[in-house]
Amino acid sequence: MRPRIYVAYTGGTIGMTATEHGFAPEPGWLRGPIEALIEASRDEPPHVEFDEFDPIIDSSNATPRTWSRIASALWDRRDDFDGFVVLHGTDTMAYTASALSFLLPGFGKPVVITGSQVPMSVEGSDGQQNLIRALGVAGGDAIHEVSLLFGSKLLRGNRATKVDAAGFDAFDSPSFPPLGRLNPSIRYDTRIAPPAPQGPRLLRCGLAHVAAVRLFPGFEARVIESLCRPPLEGLVIEAYGAGNGPSSDAAFLGAIEAATAAGIVVVVVTQCLRGSVAPGAYASGSAMILAGAVPGFDMTSEAALTKLAVLLGEGIPSSTVAEMMQADLAGELTHLG
């Protein structure tokens, strides 16, 4: 029996055409190439329902409302389809992939996010290959979680980050192995345990006001102070190395302490591509934790930010959210040791 797959085109390079101002999404254009691609398949094609969002957007214009809209579209069709493909722009694809893993806990069916670096309207586009491979994953029975497929890798959605602005292997998950590799057919890594099973839900809550900031030499406490004003509810700090920061800067630590005392959840992740925040490994890292921040271990910045937005948006008390940020809810983090 042919699998039924829902394909949602939200926007992005894959469906762009040339304009006088550069490439831009063109409403209605992508349906034709997708139908032709499926009909030309050598294998028995899946049954595909194509849905184009209105309006379609460049992903640099995506907002948390975009994540919620996509999650609702998938949830409303969960019982009618075997798998789901979301076509999305690459600039914020990792944020959307992470957000969907938290907005759709226990979804139980494959959700594959993909796109392209070159529009399908241009010869040599990577869009055709990414789409065909995404349909294969969505129509299969190996993956039952939110994933991101791009180039030669299938990645857990909340472990992915964009590492190349132009290359066809634009995404990686440096701290977590790929779910599968495509060379050219897909080979799944069956050793990777899926997220813990739970009943499917859609979190329909609003998303909280959160922000992220990257430490740098000379970072001033007033940056934290200016950010941590209403309506902010959560802050991700991209720290050095294993979670280190300016431990001798009393004003900096005081700003973190004041923020957490006011109920703002402060999460520390590493700005390194690989590795993890290691509480207690260095005094410079322990200082922020002692000031009230919590470690995000090896979460990507994208996963930490979206997880924080979803949990706080549920109306969960900040003290409980601080604890949940340190727990593995959807395969997004690994504890040390």
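Residues numbered from 1 in each chain as written. Predicted model: local features only at pLDDT ≥ 70, side-chain atom pairs only at ≥ 80, totals over all residues. Heavy atoms only, no water.

Participant: Account for the packing of helix H3 (residues 93-103) against helix H8 (residues 301-313), naming residues and giving values.
Facilitator: For the pair H3 and H8, interaxial distance at closest approach is 8 Å and the crossing angle is 40°. Relative to H8, the element H3 is oriented oblique. Remark: the crossing between H3 and H8 carries right-handed chirality. Touching Ala94, Tyr95, Ser98, Ala99, Phe102 and Leu103 of H3 are Glu302, Ala303, Leu305, Thr306, Lys307 and Val310, all from H8. (Axes fitted to C-alpha atoms, helices over the stretch in contact; angles between N-to-C directions. Helix = DSSP H or I, 4+ residues; strand = E, 2+ residues; numbered from the N terminus. Parallel < 35°, antiparallel > 145°, perpendicular 65-115°, else oblique. Left-handed = near helix turned anticlockwise from the far one by under 90°. Contact = heavy atoms within 4.5 Å.)

Participant: So what's going on with the sheet that holds strand E14 (residues 234-239)? Residues and values would help.
Facilitator: Read from one edge of the open sheet, four strands run E13-E14-E15-E16, paired in parallel fashion. Since the sheet does not close on itself, it has two edges, and those belong to strand E13 (210-214) and strand E16 (294-295), each with one partner. Across five bridges, E13 lies against E14 in parallel orientation. Following the sheet pairing, valine 210 is matched in E14 by glycine 234. Against the sheet, H8 makes contact with E13, E14 and strand E15 (265-270), and its axis sits at roughly 165° relative to E14, the strand it touches most. (Pairing = 2+ DSSP bridges.)

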